[in-house]
Amino acid sequence: MSNYSKPTIDWDSLGFNVTETKSMFRATCDLGGKWSGGELIPYGDIQLSPFAGVLNYGQGVFEGVKAFRSSKGNVVLFRPEMNGKRMAFSTKRICMPEMNPAFFVDAVTKTVKDNIDYVPPFGKGSLYIRPVVWGTAPILGVSPTSEYTFMVMVSPVGPYFKNGIKPLNLKVNTDYHRAAPKGIGNAKAIGNYSASLFPLMEAKKEGFDENIYLDAKEEKFVEELGSANMFIYKDGCLKTPALNGSILGGITRQSVCQVASDLLGITVEKTELTVDDLLSADEVFCTGTAVVITPVGKISYQGKMTEINQNKMGPIAQKIRETLVGIQREELDDPFGWVVSVE
Ligand code: PLP
Ligand code: COI
């Protein structure tokens, strides 16, 4: 008989933190091999060589996906195949066996199904899914390792930022870059996040929620936050920085562009955005799986603070958020076939 018992979780006080769940998925693959097999194992610590490539040379990539309990009572994923494709790109870039998107989606689905009791009730948050690939064989010289581990962990979560969708207070960081041209900014590589930790802690000490990073070459164009993409709305046009190699191609970013142009009739431009464009915008917001669509209310640049839309969420961000979240929760039609039920 199983000694599994349903979790008791206070769904109303979820933040963006780790809650231990029932199980996780694990598969391994040799360098040059193909992803297959794998199994669900009880959630818990894992054993790793202290010489593992991921620990010494940062050979690791990850993804972020969410499962929701929808208004129809289904447990659904939002565009998981897009995460699988992005992980295929990221693994290749970091010299790992290229992820197979169908294998990825199957593993994510199995993990969610096995942890279904941890999916929050409708309207109370989501189950955050964290797939990772790590170089796990020991290595001493700088080189790809001989063995890779793919894992899928999950945790119920609430809002990413502590004040939910209260407009963010951001700093245009002129001291640090997140990613460089021809680097790994467009891959979801763990090194990009270690690069952002020190500037993030400095920004938080100064009272900001996050940094806005500029392009590393000219320090003129807005790229993204450490954890999300950026949009502005100005003169009737929605604009987001064009993907230039150092920006992560967000799945929420792409979905927002499609919702805005195809469903809401808003003109969308993927283009270069200057700091002036940002500071003079009617609305600014950021997008991502974790942050969903969060408005930006204040931006500090070179020590001067500018308020955006009187520090309130604007009507365009509101409308896009309602539409996207409505599709994700099966409250609105899903004309693009983005929502996939796990059962
Ligand atoms: N940019 C960065 C650096 C991120 O970490 C994320 C989060 O995944 C995003 C953008 C948004 O991507 P997505 O919408 O696919 O979650
Ligand atoms: C996500 O939005 O899923 C991410 O991976 C961002 C992460 C830094 C929390």
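Residues numbered from 1 in each chain as written. Chains lettered and ligands numbered in written order. Predicted model: local features only at pLDDT ≥ 70, side-chain atom pairs only at ≥ 80, totals over all residues. Heavy atoms only, no water.

### Quick word on the site of ligand 2
Every residue lining ligand 2 is accounted for by Phe62, Gly64, Tyr128, Arg130, Tyr160, Lys188, Tyr193, Ser227, Thr289 and Ala290. One of the side-chain nitrogen or oxygen atoms of tyrosine 128 is found 2.5 Å away from an oxygen atom of ligand 2. Alanine 290 places a main-chain nitrogen or oxygen 2.8 Å from an oxygen atom of ligand 2. Here the shell around ligand 2 is built from residues that sort into five nonpolar, three polar and two charged. (Near = heavy atom within 4 Å. Polar contact = N/O pair within 3.5 Å; in protein donor to acceptor, adjacent residues only side chain to side chain. Nonpolar A, V, L, I, M, F, W, Y, C, P; charged D, E, K, R; others polar.)

### Here's the deal with the site of ligand 1
Close contacts around ligand 1 come from 17 residues, with Tyr193, Glu224, Ile251, Thr252 and Thr289 the closest. Glutamate 224 places a polar side-chain atom, nitrogen or oxygen, 2.5 Å from a nitrogen atom of ligand 1. Here the residues of the shell around ligand 1 sort into five nonpolar, eight polar and four charged.

### What to know about the packing of aromatic side chains
Working definition: an aromatic ring pair is given by the centre-to-centre distance plus the angle between the planes. Overall, the coordinates contain 14 aromatic pairs when judged by the stated rule. Arranged with centres 4.8 Å apart and planes meeting at 75°, the rings of phenylalanine 16 and tyrosine 160 form a pair that is edge-to-face. Placement of the pair is phenylalanine 16 in the segment before β1 (23–30) and tyrosine 160 in the loop between β7 (147–157) and β8 (168–173), with a sequence separation of 144 residues. On the basis of relative accessibility, which here comes to 33%, the residue tyrosine 160 falls in the partly exposed class. An aromatic cluster of three or more residues is present, and its members are Phe25, Trp35, Phe103, Phe104 and Phe150. (Phe/Tyr/Trp six-rings, centres within 6.5 Å; stacked < 30°, edge-to-face > 60°. Helix = DSSP H or I, 4+ residues; strand = E, 2+ residues; numbered from the N terminus. Buried < 20%, exposed > 50% of the residue type's maximum accessible area, 1.4 Å probe, protein only.)

### A closer look at the nonpolar core
A general feature of soluble globular proteins is that nonpolar side chains tend to end up buried together. Core analysis: the biggest nonpolar cluster contains 34 residues, and Trp35, Met99, Phe104, Val112, Ile129, Val133 and Phe150 have the highest contact counts within it. For this core, the secondary structure elements donating two or more residues are β1, β4 (65–69), β5 (75–78), α3 (101–114), β6 (126–135) and β7. Apart from residues lying up to four places away in sequence, isoleucine 129 is in contact with Glu63, Gly64, Val65, Lys66, Ala67, Leu77, Val108, Val112, Val152, Met153 and Val154. (Core = buried A, V, L, I, M, F, W, Y, C linked by side-chain atoms within 4.5 Å. Contact = heavy atoms within 4.5 Å.)

### Section: the pattern of salt bridges
Counted under the stated rule, the structure contains seven salt bridges. When the shortest N-O distance is used, the salt bridge between glutamate 63 and arginine 86 registers 2.8 Å. With glutamate 63 in the loop between β3 (60–62) and β4 and arginine 86 in helix α2 (residues 80–93), this pair connects stretches of sequence that are 23 residues apart. A salt bridge links aspartate 106 to lysine 110; its shortest N-O distance comes to 2.8 Å. With aspartate 106 and lysine 110 both in helix α3 and four residues apart, the pair spans about one turn of that helix. Of the residues examined, lysine 110 reaches a relative accessible area of 39% and is grouped as partly exposed. (Salt bridge = Lys/Arg side-chain N within 4 Å of Asp/Glu carboxyl O.)

### Digging into the domain arrangement of the protein
Segmentation of the protein into domains returns domain 1 (11–157) and domain 2 (168–328). The distance between the C-alpha centroids of domain 1 and domain 2 comes to 25 Å. Buried area between domain 1 and domain 2, summed over both chains or domains, comes out near 1,800 Å², and the portion from carbon and sulfur atoms is 64%. Contact with domain 2 buries surface across domain 1, with Phe62, Phe78 and Arg86 losing the most and accounting together for 34% of the total. The interface formed by domain 1 and domain 2 includes zero salt bridges. Joining domain 1 to domain 2, the criterion identifies nine residue pairs in polar contact (both at pLDDT 80 or more). Those elements giving two or more residues to the side of domain 1 that touches domain 2 turn out to be β3, β4, β5 and α2. Ranked by residues supplied to the side of domain 1 that touches domain 2, first place goes to α2 with six residues. The residue inventory of the side of domain 1 that touches domain 2, partitioned by class, reads twelve nonpolar, five polar and five charged. (Domains from an automatic or database assignment. Buried area = accessible area lost by both parts, 1.4 Å probe.)

### Observations regarding the side chain of arginine 329
Take arginine 329: it is sitting in the loop between α7 (315–328) and β17 (339–341). No salt bridge is formed by the buried arginine 329. Its closest oppositely charged neighbour is glutamate 331, at 6.0 Å. If near-sequence neighbours (up to four positions away) are discounted, arginine 329 is found in contact with Phe68, Ser70, Ser71 and Phe122. (Lys, Arg positive; Asp, Glu negative; His and termini not counted.)

### Notes on the packing of helix α5 (residues 251–263) against α7
With their axes 10 Å apart at the nearest point, α5 and α7 run at an angle of 110° to one another. Considering the angle they form, α5 stands roughly perpendicular to α7. Each of Thr252, Ser255, Val256, Val259, Ala260 and Leu263 in α5 lies in contact with α7, whose residues at this interface are Ile320, Thr323, Leu324 and Ile327. Counted by class, the contact of α5 with α7 contains seven nonpolar, three polar and no charged residues. (Axes fitted to C-alpha atoms, helices over the stretch in contact; angles between N-to-C directions. Parallel < 35°, antiparallel > 145°, perpendicular 65-115°, else oblique.)

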